[in-house]
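# Examination of the molecular architecture
Single-letter residue listing:
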Amino acid sequence: MRKNMVKILVVVSQRKRIRTRKLCEILGLSYATVLNILKELDRMGLVKLGRGFVEAPPFLADLIVQVNSKYPLEEILRGSVPLILSRLFEPKRVKDISAELSITEKYVRNILNALSVRGIVEKLDDRYVLVMDPQLRVLVMQITRILEGVEPEAHVIYRDNYYIVKEVPRGHRANGVLTAFSIYDRYGIPIEPNRDIYLYPPKRISIEEVIIHSLLAAKSKQEYTLIALLYAKYYYVIDHSKLMFYARWFKQEEKLFQLEHYIWGSEEPLFLPWSELEDLARLYNVDLSPYKRKQFNEAIFREIGDKLSEEIRAILFGGAEMVIRGYKTSTKDIDIAFLSKQEMEEFIKTIETLGYEQKSRNDILVYEHKNKTRIDIYLSKIGKIPIVQRILNRVMDKKYGRLRLSLLSDTDLLLVKLISARPRDIEDAKVIIRRGNIDWKELVDTLLEVEFVTKHHYCLLVLTTLEQIEQELKIHIPQKRKLLRITTEHMALYAYKEYGLKDPRDIRKLINISEETIRRILKKKKN
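Residues numbered from 1 in each chain as written. Predicted model: local features only at pLDDT ≥ 70, side-chain atom pairs only at ≥ 80, totals over all residues. Heavy atoms only, no water.

### Things to note about the sheet that holds strand 10 (residues 195-200)
Spatial ordering of the open sheet is given by 7-8-10-9, a layout of four strands whose pairing is antiparallel. Of all the strands in the sheet, the pair left with one neighbour each is strand 7 (155-159) and strand 9 (177-179). Adjacent strand axes in the sheet meet at a mean angle of 35°, parallel and antiparallel pairs treated alike. Pairing of strand 8 (residues 164-169) with strand 10, which is carried by six bridges, proceeds in the antiparallel orientation. Bridging from a neighbouring strand, Ile164 pairs with Tyr200 of strand 10. (Pairing = 2+ DSSP bridges. Helix = DSSP H or I, 4+ residues; strand = E, 2+ residues; numbered from the N terminus. Axes fitted to C-alpha atoms, helices over the stretch in contact; angles between N-to-C directions.)

This is how it looks when you write it as structure tokens:
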């Protein structure tokens, strides 16, 4: 808080209720200055502003007056001092407070030394602790919660240096922006939760964040199943790499994997039986047919190849290719890419004669059949990857009548899975690494060419996924150090620009490089 803000708060607390102009006279401040400060204090919930007067909330007013009679409140409440004091309910070292709040050690030490002279904190060897004054401690706790966007009635679900996710009773006003179950109605799933979930500070919320915040906040199988319903409805719209980023950030990866397994038919302990998901889907008009068991059989390619009026070429990738290669026993969809629009249209015309119907038309054309495997069709790209020549140089062709399918090499199939980054793709990537023949140098070189063509940095995603797999499988990933060395700079900048991570310690949560290296990169960027 600023000095004048603390002065106004103290006077209002002493008077309980005071006219705005009288407040101006007492403090010798202009009406405009006082009114602007009062509006800010009102927004924080520290005062209640009326027409021509202001009131102090009873629960804080007496506390402020009592603490102000013993300690200089202007020093306790100014700037980031309340945040520092809130970390001192137990003895703590300066460097630990600095790391937790991302404030320099010098600043923290200067503050604490000054407050120790005032009797507000005590120094115990190399540690500091807030004095054992119950009123002071309660005030620090309450003010800190308010400054951090946490109202007295709010319960914090998650907190870090960037975000607070909190819940309040339904209908209570809170600082921040609604998220999780509170905004399912925006996505066509109108529900009436018994509480509201907020993200603070406010920002524009993506569906990927809504899903992860929901996993954080869910308390029952019913709520987890509602998350599955939302996930299933927007599965082909969601940016799965962004979803995985937020899952890692908020430590919800394990739940995300369970969510993925559940919507594809696996019974998971967090969720209601699949039959009840189907009941919810009928209630909210969500189509679950893409997730029902229509297992892939290679015979579908022979059937299509026999029906084609001319020979065409396509690239097969994903689960169907893994089945053909013997890397997995089943899959529920076919991912297929075309180099030319003409060949794609011939393929579509043919599958429509077999009873396939188009279900969606975005970046992916989705075709479904009531008895056969769903087909996802791409033009000029393999998932998110453009079809570059070095990929075509490594394909293996298989003929099914007039249909010539090019199967990706293990190297490129793995790269597609790493860049897609859906939980099931990460599971597939583990299988390919274990059983496939990977040219790791080519994987890195192809990744860099893809980034050059698309102007999109996938290295952060690929590296973090490989590190996760390396840890889980207890293996060594070749070329990982080369990948790290080549892409360190733009990965750090990507985390800085795309996700707003300003502190090297936070960026280091995502990429395994030294804080000093990250600082050097960010400093170079700023210059």
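### Points about helix 22 (residues 459-473)
Here helix 22 is 15 residues long and its end C-alpha atoms lie 21 Å apart, about the 21 Å a rise of 1.5 Å per residue gives. Of all 15 residues that make up helix 22, 13 are buried, and the element is covered over most of its length. A positive backbone phi angle near 55° is found at Lys474, which sits one or two residues after helix 22. (Expected span 1.5 Å × (residues − 1). Buried < 20%, exposed > 50% of the residue type's maximum accessible area, 1.4 Å probe, protein only.)

### A closer look at the pattern of salt bridges
Following the criterion strictly, the structure yields 44 salt bridges and no others. Between Glu253 and Arg248 there is a salt bridge, with the nearest N and O atoms lying 3.4 Å from each other. The exposure class assigned to Arg248 is buried, which follows from its relative accessible area of 17%. Put simply, Glu472 and Lys430 hold a salt bridge, and the shortest N to O gap is 2.2 Å. Residue Glu472 is found in helix 22, and its partner Lys430 is found in helix 20 (residues 423-435); the two are separated by 42 residues along the sequence. (Salt bridge = Lys/Arg side-chain N within 4 Å of Asp/Glu carboxyl O.)

### Quick notes on the pairing of strand 19 (residues 403-407)
Most of strand 19 sits inside the fold, with four of its five residues counted as buried. Looking at chain direction, strand 11 (residues 312-317) and strand 19 are connected through five bridges and run parallel. Along strand 19, the bridge assignment pairs Arg313 with Arg404. Following strand 18 (residues 396-400), the chain reverses through two residues before pairing antiparallel with strand 19; Gly401 in that reversal takes a positive phi of roughly 65°.

### Structural notes on the environment of Leu23
Looking at where Leu23 falls in the secondary structure, it is placed in helix 2 (residues 20-27). Owing to a relative accessible area of 0%, Leu23 belongs among the buried residues under this scheme. Between the C-alpha atom of Leu23 and that of Ala154, which follows or precedes it by 131 residues, the distance is 31 Å. In contact with Leu23, other than residues within four places in its own chain, are Ile8, Val11, Val12, Ile18, Val34, Leu38 and Val54. (Contact = heavy atoms within 4.5 Å.)

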